[in-house]
Amino acid sequence: MKTVYVCNDTVTGIFSGIYDAWKAKKDEEDCKIALRGMLEQELFCDYVEVEETEHKAAAVEALIKRHLGQLAYWDIYHAILSADCQKGDAVLGAMLAAKKIPDSTKIMEHLSHPKVEKVFELSRNVGGEAHNYKGFLRFRELENGVLYAEIEPKNQILTCLAPHFADRLPMENWMIHDRTHKMFAVHEGGKRWVIVWGEQFDETVFEKVSDREKEYARLWKGFCRTIAIKERENPRCQLQHLPLRYRTDMVEFF
Amino acid sequence: MMTQRLQLTVSSLSEMNMYEKLNILTDAAKYDVACTSSGTERKNDGTGTGNCTQSGICHSFSADGRCISLLKILFTNECIYDCKYCVNRRNNDVVRASFTPDEVCTLTMEFYRRNYIEGLFLSSGILKSPDYTMELIYATLFQLRQKYNFQGYIHVKAIPGADLELVRRVGFLADRMSVNLELPTAEGLKALAPHKTRKNILMPMRLVQNRMEENRQELQLYRNAPRFVPAGQSTQMIIGATPETDYQIMQVAESLYQKFELKRVFYSAFVHVNDDAALPAKTGDGPPLLREHRLYQADWLLRYYHFRAEELLTEDNPNFNVLFDPKCNWALRHLEIFPVEINRADYKMLLRVPGIGYKSAVRIVKARKLGTLDFTDLKKIGVVLKRALYFITCNGRMMYPTKIEEDYITRNLLSAGEKLPPDVTGMGYRQLSLFDTVTS
C-alpha cells in the first residue's frame, strides 16, 4: 500500500518528509510527499504525519550534496521554494531516480524522466522569478534611513534575494517584505541577514519616507520616461519583458 | 516640442535644476544602444556599495521595450563635432547642459541604493577637445570608485582621438568600454561624420584589445592585479543611414569579432532626428526595426551558433529575408541535410535546426545519454516545436507526416505565425488562385 508523507510547506518540512520516505526504503510508486493544507485525499493510502526537525533536513541536504552534487542541490532547493504542490513528490522521485543511473551527479540531465523534468521546470520557474525580482525590486528610503522594499512573488524567493542584496549593499540597513508569504528578509549594516515571519510590524512606519526619497523617485521616473525612443515605441515588447504583476511595486509605474 | 524647448531655454537662464539637467542629458544619450550589465562577476569587498553578476540584470523596461539596466547619460551634450545623424551636433539648436563629476556620482549612488540601476553608462559629447572630455570622464569614474567606493558596473565610452594613456587609465576603472564604429564603412563615416576618422576609432579599440590580453597574463601571475575592462569591449553602428547591404554589415561585424575580439556589436536602426542633405530622405516608415532585428538574429548566429557570415548571405543575395529569421532561411535553402535525428545528430548540427537554441541543444545532448528523447521531452526541454517539427525526427519518426519541400514548409511556418509586423505578414501568404503564375 502506498504511503503518503504529509509535511509542512517549508524547506525543513519537505526535507524531513523526504528523510522519512528515504528511511523507509520505498519504491517510487509506493510513496508520496504531500503538503499540509494542499492535500488531495486518495483511496488505499496510509497517511503519515511527518515530524519536522532540523536534524532530518540537514541530513537530507548533506545526502543530496554528497551524492547528487552541488549543482543538483541548487535545482532541488529552488524547486522546493516553488508554489507548486507536487514539488516534494518531484524531488523525492528525482532522488530515487538518481539511484538507478550510473552516475548520480548527472541526474539533472536526465530530462526524459518525468520527475526530474518536473524538478527542472520548477527550479527554472523559481530561479527566473528570483532573477526578475533582483532587478524589479525597488527600495524606498524610510524616515529612519532604512531601505524598504515590498514584493509579491508567487514562490518563496526571499532566501534567493537576501544573499544577493547582502553582498550588494553590505553597509545598508534594508528589509524586503514578501506580502504573499508574510515574510521579511532583514539586514542590518555589517551583519548577516535574517528571515523573519509570524511577527507583527507597525505598518505605518513603512509609509513614511525620507525627504530625499520623493526627489530621487521623481528623477528616476523622469529618466525612465525620457530614455524611451518615441519612434520605436513598443508596449507589447515592454509587457513581455516586464509583466504587469511586477509593476505594482515599481516606482516608475506609479 | 517647440514649446517644451522654449520652456527649457527660459528656465535654463536661471540655474538649471537637476531634474532638467538629467532630462536633457538622458534624452541626448538615449540613441546609444548598449545597456547590458553582463560579462563580469565581482563580489563586494564588504566595505562599499555594489557588485556585478555574470548574467547582468535588467532593472526596468522603457516604453520602447528596451531594457533599462544602467543609468545611461551623457556627461555633456555640448559637442565640437558635426556628425550629421546626431542630435548633439554643434549646428543643432538644442539646450546644452553638463554634469559635474559629483552630480554623476551622487545620482549613481542614490539610484543604485534603491535598486533602480545596475550601474552607470557614461558617454559624452566632445567638450573642447577629446582629451579634455576624456579627462572629465576619468575624473568622474575615479571619484565614483575611490571616494564613493562604488563596486557596481560601469560602462564607459572611449572618445575617439583622445590620448591613449587616458583611455588606458579609464579602462582600469570601467567594466566595459566601447568605441562607436558609428557607420559600417569608412566611406559612410567620411560622408556623415566629417570630424571622425576610421583610424581614430580603431586605434583605441586595438589598444583596449591588446591591453586586455596583457591583463589576462598579469592576472595569471598575480591574482589580485587590477583588472582592465573585465567585461570586454563592444561597439555599435547605425543601420540604414548609409547604403550598405546586410552582407557588408555582417562581414564588418564578423571581422570585429575575429580581429578585435569584441564582446558585442550593437546595431542601431537609424532614427531621423536631423534634416540634412547627406542623410537618406525622410519616409513615413520610421526606423528600419525589422532589419535591425534580423541583424541581431544573425549576430547571435555568429557568436553562439558557429555560423559564418558568408553562409547566411552572399554577394548575389546580400540582404536578409523579411519573412524568416536568418536561421530558418538558411535551413530552407539546405533542406538536403534535413530532417536530423535528435537522438543521434551532433551538437553543431542540432544548433542549426530552427527552433533549437544553444541551451536546448546542450540539454538534448546531455539528456539523450540517459534515455531516448521524444517530442514531448523536447517541448519540456525548451525546443520551439512549431518551428522545429519540419526539420527533426525522434527515433526515426517525424512529429506529423510532413513533406521536406521548401514551399510546403514555408507556407506552414508562415501560417504558424512568425512574429512579424502586419504589413509584412499581409503579403506573406494568400489563397492560391487559378490565375497565379507558378514560380519556384
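Values in this document were obtained by computation on a predicted structure and should not be read as measured data.

1. A closer look at the overall build of chain A
Consideration 1: Helices and strands together make up the secondary structure of chain A, namely ten helices and eight strands.
Consideration 2: Overall, the C-alpha framework of chain A stretches about 65 × 45 × 35 Å when taken along its three principal axes.
Consideration 3: For chain A, with 254 residues in total, the buried portion stands at 39%.
Consideration 4: Once local pairs closer than 6 in sequence are excluded, the contacts in chain A between residues at least 24 apart make up 69%.

2. Remarks on the overall build of chain B
Consideration 1: Summing up its helical and strand segments, chain B has 17 helices and ten strands in all.
Consideration 2: Against the 2.2 N^0.38 benchmark of 22 Å for 440 residues, chain B shows a C-alpha radius of gyration of 25 Å, consistent with a compact globule.
Consideration 3: Its C-alpha atoms give chain B principal-axis dimensions of about 75 × 55 × 40 Å.
Consideration 4: Across the 440 residues that make up chain B, the buried fraction comes to 43%.
Consideration 5: Across chain B, contacts joining residues at least 24 apart in sequence account for 71% of those joining residues at least 6 apart.

3. Some remarks on the packing of helix 3 (residues 69–80) of chain A against helix 4 (residues 87–100) of chain A
Residues and elements named next belong to chain A.
Consideration 1: Look at helix 3 against helix 4: their axes get within 9 Å of each other, and the N-to-C directions meet at 160 degrees. Classified by the angle their axes make, helix 3 and helix 4 are roughly antiparallel. Relative to helix 4, the crossing made by helix 3 is left-handed. On helix 4, the residues that touch Ile 76, Ala 79 and Ile 80 of helix 3 are Lys 87, Ala 90 and Val 91.

4. Observations concerning the domain arrangement of chain A
Much of the literature gives interface size as the accessible area that the parts lose upon coming together.
Residue and element names in this part refer to chain A.
Consideration 1: Under the domain assignment, chain A is made up of domain 1 (2–129) and domain 2 (137–253).
Consideration 2: A straight line from the C-alpha centre of domain 1 to that of domain 2 covers 32 Å.
Consideration 3: Each partner contributes residues to the interface: domain 1 has five residues there, and domain 2 has five residues.

5. Considering the environment of B:Asn343
Residues and elements named next belong to chain B.
Consideration 1: The topology assignment puts Asn 343 in the loop between strand 9 (340–341) and helix 12 (347–351).
Consideration 2: In this structure Asn 343 comes out as partly exposed when scored by C-beta crowding, with 16 C-beta atoms within 10 Å.
Consideration 3: For Asn 343 and Leu 373, which are 30 residues apart along the polypeptide, the C-alpha to C-alpha distance reads 6.5 Å.
Consideration 4: Apart from residues no more than four positions distant in its own chain, Asn 343 is found in contact with Arg 368, Thr 372, Leu 373, Cys 394 and Asn 395.

6. As for the domain arrangement of chain B
Consideration 1: Domain annotation of chain B identifies domain 1 (2–239) and domain 2 (334–426).
Consideration 2: A C-alpha centroid distance of 41 Å is found between domain 1 of chain B and domain 2 of chain B.

7. Concerning the environment of A:Arg66
All names here are of chain A.
Consideration 1: Relative to the helices and strands, Arg 66 resides in helix 2 (residues 54–67).
Consideration 2: Classification of Arg 66 as exposed rests on a count of 12 C-beta atoms within 10 Å.
Consideration 3: Sequence separation between Arg 66 and Arg 232 is 166 residues; the distance between their C-alpha atoms is 52 Å.

8. Quick look at the sheet that holds strand 4 (residues 119–123) of chain B
All names here are of chain B.
Consideration 1: The strand order 3-4-5-6-7-8 describes an open sheet built from six strands, whose pairing is parallel. The outermost strands of the open sheet, each flanked by one partner alone, are strand 3 (70–74) and strand 8 (264–269). Across the sheet, the mean angle from the axis of one strand to that of its neighbour is 20 degrees, orientation sign disregarded.
Consideration 2: Sheet analysis places strand 5 (residues 153–157) next to strand 6 (residues 176–178), joined by three bridges and oriented parallel. Bridging across to strand 6, His 155 finds its partner in Arg 176.

9. Brief notes about the interface of chain B and chain A
Consideration 1: Each partner contributes to the interface: chain B provides 46 residues, whereas chain A provides 43 residues.
Consideration 2: Among the elements that make up the side of chain B that touches chain A, the one with the highest residue count is helix 2 (residues 18–27) of chain B (six residues).
Consideration 3: Residues belonging to the side of chain B that touches chain A are distributed by class as follows: 19 nonpolar, 15 polar and twelve charged.

10. Here's the deal with unusual backbone geometry
All names here are of chain B.
Consideration 1: Following Phe 338, the chain continues to Pro 339 via a peptide bond in cis, the omega torsion being -5 degrees.
Consideration 2: Positionally, Pro 339 belongs in the loop between helix 11 (326–333) and strand 9.
Consideration 3: Notably, Asn 115 is not glycine yet its phi reads approximately 60 degrees, a positive angle.
Consideration 4: Structurally, the position occupied by Asn 115 is in the loop between helix 3 (101–113) and strand 4.
Consideration 5: In this model, Val 229 sits at a positive phi of 40 degrees, which is unusual for a non-glycine residue.
Consideration 6: Assignment of secondary structure puts Val 229 in the loop between helix 7 (198–221) and strand 7 (233–239).

11. Some thoughts on the nonpolar core
Consideration 1: Among the nonpolar cores identified, the biggest contains 181 residues, and A:Ile18, A:Val91, A:Val119, A:Leu161, B:Ile137, B:Leu141 and B:Val170 are the most heavily contacted of them.
Consideration 2: Element by element, the count of residues in this core is highest for helix 5 (residues 114–136) of chain A, at eight residues.
Consideration 3: With residues near it in sequence (within four places) discarded, B:Leu141 still touches B:Ile154, B:Val156, B:Val170, B:Leu173 and B:Ala174.

12. Some points on the sheet that holds strand 4 (residues 140–141) of chain A
All names here are of chain A.
Consideration 1: Strands sit in the order 4-5-6-7-8 across an open sheet of five strands; the sheet is mixed. Unpaired on one side and paired on the other, strand 4 and strand 8 (194–197) mark the two borders of the sheet.
Consideration 2: Bridge count for strand 5 (residues 147–151) against strand 6 (residues 174–178) is five bridges, and the pairing is parallel. The residue bridging Ala 149 from the neighbouring strand is Ile 176, located in strand 6.

13. Re the pairing of strand 3 of chain B
Residues and elements named next belong to chain B.
Consideration 1: Most of strand 3 is tucked away, with five of its five residues classed as buried.
Consideration 2: Examined bridge by bridge, strand 3 and strand 4 share five bridges and lie parallel to one another. The residue of strand 4 that forms the bridge with Leu 71 is Leu 120.
Consideration 3: In this region the chain leaves strand 3, passes through helix 3 and returns to the parallel neighbour strand 4; the handedness of that crossover is right-handed.

14. Quick word on helix 3 of chain B
Consideration 1: Taking 1.5 Å per residue as the helical rise, helix 3 of chain B with its 13 residues ought to reach 18 Å, and the 18 Å between its terminal C-alpha atoms agrees with that figure.
Consideration 2: The inward-facing, buried residues of helix 3 of chain B contact helix 8 (211–227) of chain A together with strand 3, strand 4 and helix 4 (130–146) of chain B.
Consideration 3: Once helix 3 of chain B ends, the next one or two residues include B:Asn115, with phi positive near 60 degrees.

15. Observations concerning the environment of A:Arg138
All names here are of chain A.
Consideration 1: Within the secondary structure, Arg 138 is located in the loop between helix 5 and strand 4.
Consideration 2: Residue classification places Arg 138 among the buried residues on the basis of 24 C-beta atoms within 10 Å.
Consideration 3: Taking the C-alpha atoms as reference points, Arg 138 and Met 250, separated by 112 residues in sequence, lie 6.0 Å from one another.

16. Some words on the packing of helix 1 (residues 11–23) of chain A against helix 4 of chain A
Residue and element names in this part refer to chain A.
Consideration 1: With their axes 10 Å apart at the nearest point, helix 1 and helix 4 run at an angle of 45 degrees to one another. Classified by the angle their axes make, helix 1 and helix 4 are oblique. Between helix 1 and helix 4 lies a crossing whose hand is right-handed. Taking contact as the criterion, the partners of Ile 14, Gly 17, Ile 18 and Ala 21 in helix 1 are, on helix 4, Gly 88, Val 91, Leu 92 and Met 95.
Consideration 2: Classifying every residue of the contact of helix 1 with helix 4 by side-chain character gives six nonpolar, two polar and no charged.

Scoring rules and cut-offs
- Residues numbered from 1 in each chain as written.
- Chains lettered and ligands numbered in written order.
- Predicted model: local features only at pLDDT ≥ 70, side-chain atom pairs only at ≥ 80, totals over all residues.
- Helix = DSSP H or I, 4+ residues; strand = E, 2+ residues; numbered from the N terminus.
- Buried ≥ 20, exposed ≤ 12 C-beta atoms within 10 Å, placed from the backbone.
- Contact = placed C-beta atoms within 7 Å.
- Rg over C-alpha atoms; globule rule 2.2 N^0.38 Å.
- Axes fitted to C-alpha atoms, helices over the stretch in contact; angles between N-to-C directions.
- Parallel < 35°, antiparallel > 145°, perpendicular 65-115°, else oblique.
- Left-handed = near helix turned anticlockwise from the far one by under 90°.
- Domains from an automatic or database assignment.
- Pairing = 2+ DSSP bridges.
- Nonpolar A, V, L, I, M, F, W, Y, C, P; charged D, E, K, R; others polar.
- Core = buried A, V, L, I, M, F, W, Y, C linked by C-beta atoms within 7 Å.
- Right-handed = clockwise from strand over helix to strand, strands pointing away.
- Expected span 1.5 Å × (residues − 1).

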